[in-house]
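Secondary and tertiary structure notes
Below are the chains, spelled out letter by letter.
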Amino acid sequence: AEIIAAALTERGRIAREIHDSVGHLLSSSLLQVGAMLAVNRDKAARPSLLALRDTLNEAMDSIRRSVHDLHDESIDLYAQLYRLSQSFTFCPLDFRYDLETDPPVGMKYAFLAIAKEGLTNIIRHSGASHASLLLREHPAFYQLILQNDGCGTVSANSGGIGLQNIRERVESFHGVMNIKASGGSFRIFISVPKGAEKE
């Protein structure tokens, strides 16, 4: 786990380095070529300058793709959720991560955002003394369950912006969100099909 975490961190560092150094040099070169095309009066040189501009644009697109791929691969969902659970001090929180496969990067961001929003809601509205966060994998879908033992002021039919944000994220992946508030507890059940592409 430590080796994987170190590798992911290094990928993120390389992505930032490429973006900040090579990306900056290519951007500057494109600006210079653009300026030369604007002031150049030598028609014979124009085709070469246009070809150079096209090559630099192609190189810039390639750099962007590489940086995005490296950055996306550097996102460790377990590590991010674990740090989030460790920083949650409002009440004791049980955290379980039962994923064997790696979700698509967009889905990773969605799960992180949903977990943050849900834990924030617990702090603001629940009055809970205990909470749990579970992310598990099934053959056809991922499931996230967030629950606490205090209903507070949030109901299952609440139109609060926090729950609305969660619902919109889930629906963008063609997922389903169910809320149960009963018996002194508040539960959010989220199911997202595998392979779902965000709209």
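Notes on the structure follow. Every value quoted in this text rests on a predicted model; they were computed, and no experiment measured them. (Residues numbered from 1 in each chain as written. Predicted model: local features only at pLDDT ≥ 70, side-chain atom pairs only at ≥ 80, totals over all residues. Heavy atoms only, no water.)

Thoughts on the overall build of the chain
Our working definition: Secondary structure is summarised from DSSP: a helix means a run of H or I of at least four residues, a strand means a run of E of at least two, and numbering begins at the N terminus for each. By the convention used here, residues are in contact when the closest approach between their heavy atoms is within 4.5 Å. Only the protein chains shown count as cover for residues, with accessible areas throughout obtained via the Shrake-Rupley method and a probe of 1.4 Å.
Helix and strand content of the chain: five helices and five strands. For the chain, the N- to C-terminal ordering of α and β elements is α-α-α-β-α-β-β-α-β-β. Nonlocal contacts in the chain, meaning residues at least 24 apart in sequence, comprise 66% of its contacts between residues at least 6 apart. Within the structure as shown, the chain displays about 11,800 Å² of accessible surface, and the carbon and sulfur contribution to it stands at 54%.

Focus on the pattern of salt bridges
Operational definition: Should a side-chain nitrogen of Lys or Arg be within 4 Å of a carboxyl oxygen of Asp or Glu, the pair is scored as a salt bridge.
Enumeration according to the criterion identifies four salt bridges in this entry. Its salt-bridge partner being Arg96, residue Asp98 comes within 2.8 Å of it at the nearest N-O pair. Notably, a salt bridge pairs Lys194 with Glu137, separated by 2.5 Å at the nearest N-O pair. With Lys194 in the segment after strand S5 (185-193) and Glu137 in strand S2 (residues 131-137), this pair connects stretches of sequence that are 57 residues apart.

Structural notes on the packing of helix H3 (residues 77-87) against helix H4 (residues 105-126)
The geometry of a pair of packed helices is captured by two quantities: the angle between their axes and the separation between those axes. Heads up, the rule is: Only C-alpha atoms enter the line fits that serve as axes; for helices the fit covers just the stretch in contact. Angles between N-to-C directions range over 0 to 180 degrees. We call two directions roughly parallel when the angle between them is under 35 degrees, roughly antiparallel when it is over 145, roughly perpendicular when it lies between 65 and 115, and oblique otherwise. Following the grouping adopted for this structure description, the nonpolar residues are Ala, Val, Leu, Ile, Met, Phe, Trp, Tyr, Cys and Pro, the charged ones are Asp, Glu, Lys and Arg, and the polar ones are all others, Gly among them.
Where H3 contacts H4, the axes come no closer than 10 Å and their chain directions differ by 10°. With respect to H4, the element H3 is oriented roughly parallel. Contacts between H3 and H4 involve Leu77, Gln80, Leu81 and Leu84 on the former and, on the latter, Lys108, Phe111, Leu112, Ala115, Lys116 and Leu119. The class makeup of the residues in the contact of H3 with H4 is seven nonpolar, one polar and two charged.

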